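Notes for the structure review
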Amino acid sequence: MQFGHFDDKAKEYVITRPDTPRPWANYLGSLDYGAIITNNAGGYSFYKSALSSRFLRLRSNSVPLDQPGRYFYLRDQESGDFWSSSWQPVGKPLSKYKSTCRHGTAYTTITSRYSAIETESTYFVPLGQAFEYWRLKVTNKGKQPRKLAVFTYCEMASPWHMPNDLTNLQYSQFITKGTVEQEMLGMAVHPYTKFDPADLMGCHRLWMALVGAPLAGYETVRERFLGSIYNTYANPQAVIDGRCSNFLAEGENACGTLQVEIELQPGETRELIAMLGLGTPDSHGYAARAAFGTSERCEAELQKLKSHWHGLLGAAVVKTPDAEFDSMANVWGAYNALITYTWSRHASLVYNGERDGLGFRDTVQDFLGAMPMLKDQIRERLELMLTGQVSNGGAMPVVQPFSHKPGQMPPPKREEYRSDDCQWFFNAIPDYVAETGDLDFYKKVLPYSDQGEATVLGHLRRALEFNLERSGKHGLPCGLHADWNDCVKMGYNGESVMVAFQLLYGLVTYAQIADRLGLPEEAAWARAEQAKLEAAIQTAAWDGEWYLWAIGEDGHRYGAKTETEGRVYINTQVWAVMSGAASPAQGRSAMDALNRELATPYGIMLSAPPFTNTPPTVMGGVIYNHGIKENAGIFCHTQSWAVIAEALLGNGDQAYEYYRSFMPSAYNTRAELREIEPYVHCQTTYATCNRNAGKSRVAWLSGTASWSHHTALQWILGVRPEIDGLRLDPCIPKSWPGFKVERVFRGKRVKIEVKNPAGLSKGVASLVVDGKKVDGNLIPLDRIQDGTKVVATLG
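Residues numbered from 1 in each chain as written. Predicted model: local features only at pLDDT ≥ 70, side-chain atom pairs only at ≥ 80, totals over all residues. Heavy atoms only, no water.

Some remarks on the side chain of Thr220
Checked against the element boundaries, Thr220 lands in strand 17 (residues 215–221). Classification of Thr220 as buried rests on a relative accessible area of 0%. Here Ala249 takes part through its backbone nitrogen, which lies 2.7 Å from a polar atom of the side chain of Thr220. Look past the residues within four positions of Thr220 in its chain and what remains in contact with it is Leu185, Met187, Phe247, Leu248, Ala249, Asn253, Ala254 and Cys255. (Helix = DSSP H or I, 4+ residues; strand = E, 2+ residues; numbered from the N terminus. Buried < 20%, exposed > 50% of the residue type's maximum accessible area, 1.4 Å probe, protein only. Polar contact = N/O pair within 3.5 Å; in protein donor to acceptor, adjacent residues only side chain to side chain. Contact = heavy atoms within 4.5 Å.)

Considering the layout of surface pockets
Of the voids in this model, the largest pocket is the one considered here, and its volume is about 950 Å³. Partitioning the lining of the largest pocket into residue classes produces 18 nonpolar, six polar and five charged. Every residue lining the second largest pocket is counted, 29 residues in all, and those nearest its centre are Leu31, Asp32, Tyr341, Thr342 and Arg381. Elements with a contribution of two residues or more to the lining of the second largest pocket: strand 3 (25–29), helix 6 (295–313), helix 7 (323–343) and helix 9 (379–386). (1 Å grid on protein atoms, 1.4 Å probe; cavity = no way out; pocket = protein on both sides within 12 Å on 5 of 7 lines; lining within 4 Å. Points joined across faces, edges and corners; volume = space filled by probe spheres on them. Nonpolar A, V, L, I, M, F, W, Y, C, P; charged D, E, K, R; others polar.)

A word on empty space enclosed by the protein
Inspection of every chain in the model, using the stated rule, returns four cavities of 30 Å³ or more. Counted as a void, the largest cavity has a volume near 60 Å³. As for the largest cavity, its lining consists of Tyr602, Cys636, Ser661, Phe662, Met663, Tyr667, Arg674, Cys682, Thr685, Gly694 and Ser696. Contributing elements (two or more residues each) for the lining of the largest cavity: helix 17 (652–662) and strand 33 (682–685).

Examining the sheet that holds strand 25 (residues 495–496)
Strand order in the open sheet made by the three strands is 25-26-27, with antiparallel pairing throughout. Single-partner strands in this sheet number two, and they are strand 25 and strand 27 (557–558). Across two bridges, strand 25 lies against strand 26 (residues 550–551) in antiparallel orientation. In the strand pairing of strand 26, Glu495 is matched with Ile551. (Pairing = 2+ DSSP bridges.)

Some remarks on the nonpolar core
With 254 residues, the main nonpolar core has Met156, Phe325, Trp332, Ile429, Ile537 and Trp700 as its most contacted residues. Those residues in contact with Trp332, other than ones at most four positions away along the chain, are Phe6, Lys11, Glu12, Tyr13, Asn26, His103, Gly104, Ser327, Tyr679, Val680 and Trp700. One finds Val390, Tyr417, Phe466 and Cys478 within the second-largest nonpolar core, a separate group that totals eight residues. (Core = buried A, V, L, I, M, F, W, Y, C linked by side-chain atoms within 4.5 Å.)

Here we look at the environment of Thr320
Here Thr320 is to be found in the loop between strand 20 (316–319) and helix 7. Spatially, the C-alpha atoms of Thr320 and Phe739 are 4.6 Å apart, while their sequence positions differ by 419 residues. Residues in contact with Thr320, not counting those within four places in the same chain, are Phe325, Asp326, Leu717, Trp736 and Phe739. At 3.1 Å, the side chain of Thr320 and the backbone nitrogen of Asp322 are in polar contact. Among the polar contacts made by the side chain of Thr320, one reaches the side chain of Asp326 at a distance of 2.7 Å.

Comments concerning unusual backbone geometry
A cis geometry characterises the amide bond from Gln67 onward to Pro68, with omega recorded as 0°. Following Ser158, the chain continues into Pro159 via a peptide bond in cis, with omega recorded as -5°. Following the sequence through the fold, Pro159 ends up in the loop between strand 13 (146–153) and helix 1 (162–167). In this structure, Glu252 takes a positive phi of about 75° despite not being glycine. Tracing the backbone shows Glu252 in the loop between helix 4 (237–241) and strand 18 (254–264). Positioned with a positive phi, Lys375 is a non-glycine residue whose angle comes to about 50°. Tracing the chain through its elements places Lys375 in the loop between helix 8 (360–374) and helix 9. Looking at Lys375, the relative accessible area reads 16%, which means it is buried.

Dropping the structure here:
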């Protein structure tokens, strides 16, 4: 079943049926002012933190899932009939109500038609501002004049700290106070406390205006708008009656309802602009309305917003034989990676602020997806995460950007350290240096979180030493509190095979960096440790056909052939190939076992068979049902690693089959199966051993988005930045006759065409740069000009 389509030219996803299987969401705003909106205008807003500074309310896991939101209600003042400009919350019969939602890059437009009235509501946060626009265009498509009342509605949090707002009702119900002056609504939490106009995160003040018609009424208390505790957002009494009570809140549940009345001749269009922002009317609101409260300014800000985001997405533009792949690579995969980088794991319809701050391992991986677009803009956050590393080489599990004080933070307790955290630096930092060419970044001195400082290269060495110094009796790094899989409980001194592969990858990478920086002693140290670790891996981790996933503190070999649960584990098979630990024969054997034991039509299971009798003290994933999350579910974060591993082995057909199995757009025509948005990635999908097979959950914010965009550009299309230029090393399906890529690299647009006349997957036989043949498959930096044309032929 299909609910919408991709409009790649407009860089939008168009939802043509509003009754989607679940709410299909989009993001508005920036790193400061954040907001979520669904195809039926549900969602919430926050400033910097969805936990401690959320000012529009959303109740988690309610029915419907996305209410309340940002609503326009319309009422025919002659017939008394009413509806909303989005299908929900009123929910008129779809036989009479038509609606289209266009989710774009940080804006959403919902167009509806009911009772010969067409509405177009557009929502966005203008760049650099601390308010949001809701623009409503109302057109009379009928033959008779119409008299309409229009009501806004949003529900304001009190206080802005999410848990208190939703659970501490003996306090939160009594702290709001409303004002309406000069046709602007003001709402204060803790109204008698002093207010710093410069501290928007802690101001607890909102203003709201509706421009385009005289104010006819207002409501500031939810219960007065609804009229009865038994009414819902579908039938608010103020809309039923066609008038508001004009009551000013002094306690209770605050809301933002402004009413205007308009008359429309046949064919006439009226435009109304709602503005909701931070601060008081005096401190911010009146000035913002004066400067931004016109149709012309609203449209100009929308076009500026589109230009900004479209400019970022233009860093890589691809044309392949697979249009669904192109929709993700050009727009939605890139945009999803940017949103994940922006909000980490703390603001979605699932993550509601309970994971505030920047999870260390998540954030460092998220750099990969955003790197081609943000380039050197990433540096500030990358340095922040480096200062989240402890002087012993481990890391703080979470870095709070608003309170982090490098050099002064208490280190984690011994039992809190995870074994994989700082190993992700070896993926992110070299990628940043390759993208920007900033080799001197390795020499930048940055403090540790607790004490002392080091160059970035020094931070990398401490990351390696952290795991080398915490190795078990088989010579592999200890798992500590957890490795990437938080559910693996091998014992603090048990040994993680996945982290062994990450450590090996890190040692190889460190030696290469040291070579480049002219530090032979550092390179020699890393290669000596590499040789010892390679020997330990071959002795302890290979089980004949595939790799173990851990060796327990008690010596138990998890993932051995004799295991009846969790016998084969995706992470260690793919990282054996990615790290170079596996010989060609071992790599092929491990990946064949993965395909045989774990692959499903919807993606690759994390492990199999599922856990049933394994104690949760050994595998925490046993708390989940079979076939979801860490208990043999399809953990989508890991899928790209399998694609990379097959690409390294030269198997383009298998790599692409794996990629399409979890690629959202591949499910667009059967969206009822996956249920969540067919334009964004997710955390987890039910595997075939579960009755919900194919259903996906936890959309938007996931390492899946970061790794999948990275994998599409660098490993399938094979356009990889290096310090000395762009490496072309595609691994594609044999059926592809070729593809094209435009890639902005070091400020210059490079136009690449790859031809595949022999029907191969891999291997550049010929490289021509601006008409001249170049040996190998590296486009040299000194040959790259703006507009450089490259033709590569596989052979």
